[in-house]
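Below, each chain spelled out in residue letters.
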Amino acid sequence: MLKGKNILIGITGAIAAYKVLELIRLFKKNNANVKVVTTPNALNFVTKTTIESLSQSPLCIEQFDIKEYKPEHINLTDESDIFIIAPISANTISKITYGICDNLLTSTFCAYKKQVIIAPCMNTNMWENPAIQKNIEILKERGIKVIEPEEGFLACGREGKGRLANINTIFEAAKEYLLPEQILKGKKIVITAGGTKENIDAVRYIGNYSSGKMGTAIADYAFKLGAEVVLITTVDTDRKYKVIRVNTAEEMFTEVKEEFKNAYSLIMAAAVSDYRVKNKSEQKIKKDGAPLILELVENPDILKEMSKIKTNNQIVVGFCAESQNLIENAKNKIKNKNCDFICANDISKKDSGFSSNFNELYIIDKELDIFHIEKTEKQKAAKIILERIYGTSK
Ligand SMILES: Cc1cc2nc3c(=O)[nH]c(=O)nc-3n(C[C@H](O)[C@H](O)[C@H](O)COP(=O)(O)O)c2cc1C
């Protein structure tokens, strides 16, 4: 099933290291090529001999073992399709979050541009430590797939969260990345993300709390489904597909119009300001004791304008963030804007929607049928949105 796929497995000094020997076997059984890189500490838990026998490949551990003038961590990044670090220790989680490269495994991570999956395992108190939780959050935001530890009896003799996820769960997650169904292959999808910034003067702007996480997660998953992705965003980000960086609604409109011409679909996940400042100042405005009155004028309604010009073969998807009467307002929006789908999220809910890593959404189609996505990570919500929209449309 995985013939020709090159898997790089990273093992660190955590108690469940022995379980990952089974993961190596599983990949080999499925005809994948496996290379293993360990931290020096990992070899307190598993042996070089076992790893090399199961992977049928020399263990990579020496950072300064340079072959043909190419450093080993660069070799490893070039030669593999996915990097799975399991188990990953609290120590290595923290190092990779901050770009520390003090062994072959951490250097490889730093140079790695393809998908990385990490599966932590540690004592419950370590897992719950705010530093570790913060680092996990940062890694997720950067697109690292985290397979969270499970609850259960731990090696330290306690019950709690910290046990390495089931090996099959790790294997299936990797398979999903290695063999995604390319339902968007050959199709151009334009996605907007982030909150627009409307200039007041040379240093100030009117903005909103949108982080761009939802739109970026959709773009990442569309790319994985084979789409030619163009992400038009107000947030700086380095992706493997085309990213166009904008600030204002007008700039976003210009780019969307251009990119949508030959696109299959547009997903407007950005929070576009309804208004901009009429007479913005080129210089910083100085305070002079008098009230500052700003006149606001309406911005172009990008979603409505693009829905007007779209052909029958193009799919336009809007987002709406509401703090009350969510479904009613979303239904009115789809009628008023004439787009194909609206994804509605309730921004009054805590830890969901704007800025959060989670979202709860309702996808509403032209027939006003509603599909509910329960609160989940934005990456998972992105997957469900894309499968729902492009699975049910032409
Ligand atoms: C018996 C034993 C078990 C350990 N188990 C874990 C563990 O499951 N998870 C973890 O994060 N650290 C664990 N540690 C601590 C790590 O081995 C230690 O932090 C080490 O520095 C990790 O190094 P590495 O990240 O470079 O592999 C354990 C230590 C010992 C002695």
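Residues numbered from 1 in each chain as written. Predicted model: local features only at pLDDT ≥ 70, side-chain atom pairs only at ≥ 80, totals over all residues. Heavy atoms only, no water.

Caption draft 1: Structural detail: the overall build of the protein. Within the protein one finds 13 helices and 19 strands. What you see for the protein is a C-alpha radius of gyration of 24 Å, in line with the 21 Å of a compact globule of 394 residues. With respect to the principal axes defined by its C-alpha atoms, the protein has extents near 70 × 55 × 50 Å. Each of the 394 residues in the protein was classed as buried or not, and the buried ones make up 50%. Partitioning the intrachain contacts of the protein with sequence separation of at least 6 by distance along the chain shows that 67% fall at a separation of at least 24. (Helix = DSSP H or I, 4+ residues; strand = E, 2+ residues; numbered from the N terminus. Rg over C-alpha atoms; globule rule 2.2 N^0.38 Å. Buried < 20%, exposed > 50% of the residue type's maximum accessible area, 1.4 Å probe, protein only. Contact = heavy atoms within 4.5 Å.)

Caption draft 2: Examining the sheet that holds strand E1 (residues 6–11) more closely. Pairing within the open sheet is parallel, and its five strands lie in the order E2-E1-E3-E4-E5. Pairing within the sheet leaves two strands with one partner each, and these edge strands are strand E2 (33–38) and strand E5 (145–146). As judged from the two bridges shared by strand E4 (residues 115–120) and E5, these two strands associate in the parallel manner. For Ile 118, the partnering residue across the bridge sits in E5 and is Val 146. (Pairing = 2+ DSSP bridges.)

Caption draft 3: Just the packing of helix H4 (residues 90–97) against helix H5 (residues 104–111), in detail. Running from N to C, H4 and H5 point in directions that differ by 40°, and their axes come no closer than 10 Å. It follows from the interaxial angle that H4 and H5 lie oblique. Relative to H5, the crossing made by H4 is right-handed. Where H4 approaches H5, its residues Thr 92, Lys 95 and Ile 96 are matched on the opposing element by Leu 105, Thr 106 and Phe 109. Considered class by class, the residues forming the contact of H4 with H5 number three nonpolar, two polar and one charged. (Axes fitted to C-alpha atoms, helices over the stretch in contact; angles between N-to-C directions. Parallel < 35°, antiparallel > 145°, perpendicular 65-115°, else oblique. Left-handed = near helix turned anticlockwise from the far one by under 90°. Nonpolar A, V, L, I, M, F, W, Y, C, P; charged D, E, K, R; others polar.)

Caption draft 4: Up close: H5. Taken across its eight residues, H5 has six buried, putting it largely inside the fold. The backbone nitrogen of Leu 105 has a side-chain oxygen 3.0 Å away, supplied by the residue at the start of H5, namely Asn 103. (Polar contact = N/O pair within 3.5 Å; in protein donor to acceptor, adjacent residues only side chain to side chain.)

Caption draft 5: Fine view of H4. Among the eight residues that make up H4, six are buried, leaving the element largely enclosed by the rest of the structure. Along H4, the residues classified as buried are Ala 90, Thr 92, Ile 93, Lys 95, Ile 96 and Thr 97. Check the buried side of H4 and you find it contacts strand E3 (82–88), H5, E4, helix H6 (124–128) and helix H7 (130–141). Immediately downstream of H4, the backbone of Gly 99 shows phi near 70°, a positive value.

Caption draft 6: Examining the site of the ligand more closely. Taken together, the neighbourhood of the ligand is formed by 14 residues, with Gly 13, Thr 39, Ser 89, Ala 90 and Thr 92 sitting nearest. Take Ile 15: an N or O atom from its main chain is 3.1 Å from an oxygen atom of the ligand. One of the backbone nitrogen or oxygen atoms of Ala 90 is found 2.7 Å away from an oxygen atom of the ligand. With the chains in place, 65% of the 650 Å² that the ligand exposes on its own is no longer accessible. The biggest single contributor to the shell around the ligand is H4, with three residues. A per-class count over the shell around the ligand returns seven nonpolar, seven polar and no charged. (Near = heavy atom within 4 Å. Areas by Shrake-Rupley, 256 points an atom, 1.4 Å probe, with all protein chains shown as cover.)

Caption draft 7: The arrangement of the domain arrangement of the protein in detail. Each domain of the protein was delimited in the assignment, giving domain 1 (6–178) and domain 2 (188–275 + 289–392). Taking both partners together, domain 1 and domain 2 bury about 780 Å²; carbon and sulfur atoms supply 38% of that area. For the domain 1 face of the interface with domain 2, the top three residues by lost area are Lys 113, Lys 140 and Glu 141, together amounting to 50%. Between domain 1 and domain 2 we count three salt bridges in total. The partner of Lys 113 in a salt bridge is Asp 238, with the nearest N and O atoms 3.0 Å apart. On the surface where domain 1 and domain 2 come into contact, there are six residue pairs in polar contact (both at pLDDT 80 or more). When residues of the side of domain 1 that touches domain 2 are traced back to their parent elements, those giving at least two are H7 and helix H8 (167–178). (Domains from an automatic or database assignment. Buried area = accessible area lost by both parts, 1.4 Å probe. Salt bridge = Lys/Arg side-chain N within 4 Å of Asp/Glu carboxyl O.)

Caption draft 8: Structural context of the packing of helix H3 (residues 72–79) against H5. Interaxial distance between H3 and H5 falls to 8 Å at its minimum, and their mutual angle equals 50°. By the angle class used here, H3 and H5 are oblique. Of the two elements, H3 crosses H5, and the hand of that crossing is right-handed. Only Leu 104, Ser 107, Thr 108 and Ala 111 of H5 make contact with H3, whose side of the interface consists of Glu 72, His 73, Ile 74, Leu 76 and Thr 77. For the contact of H3 with H5, the per-class residue count stands at four nonpolar, four polar and one charged.

Caption draft 9: Seen up close, the sheet that holds strand E11 (residues 228–233). Read across the open sheet, the eight strands follow the order E12-E11-E8-E13-E16-E17-E18-E19; overall the sheet is mixed. Strand pairing shows two members of the sheet lacking a second neighbour, strand E12 (242–245) and strand E19 (370–377), which therefore form its edges. Strand-to-strand twist across the sheet, computed as the mean angle between neighbouring axes with direction ignored, equals 15°. Bridge analysis of strand E18 (residues 358–365) against E19 gives six bridges, and the strand direction is antiparallel. What sits directly across from Leu 361, in E19, is Ile 373. In the packing of helix H9 (residues 213–224) onto the sheet, the strands contacted are strand E8 (188–193), E11, strand E13 (265–268), strand E16 (315–322) and E18, and the crossing angle to E8 comes to about 160°.

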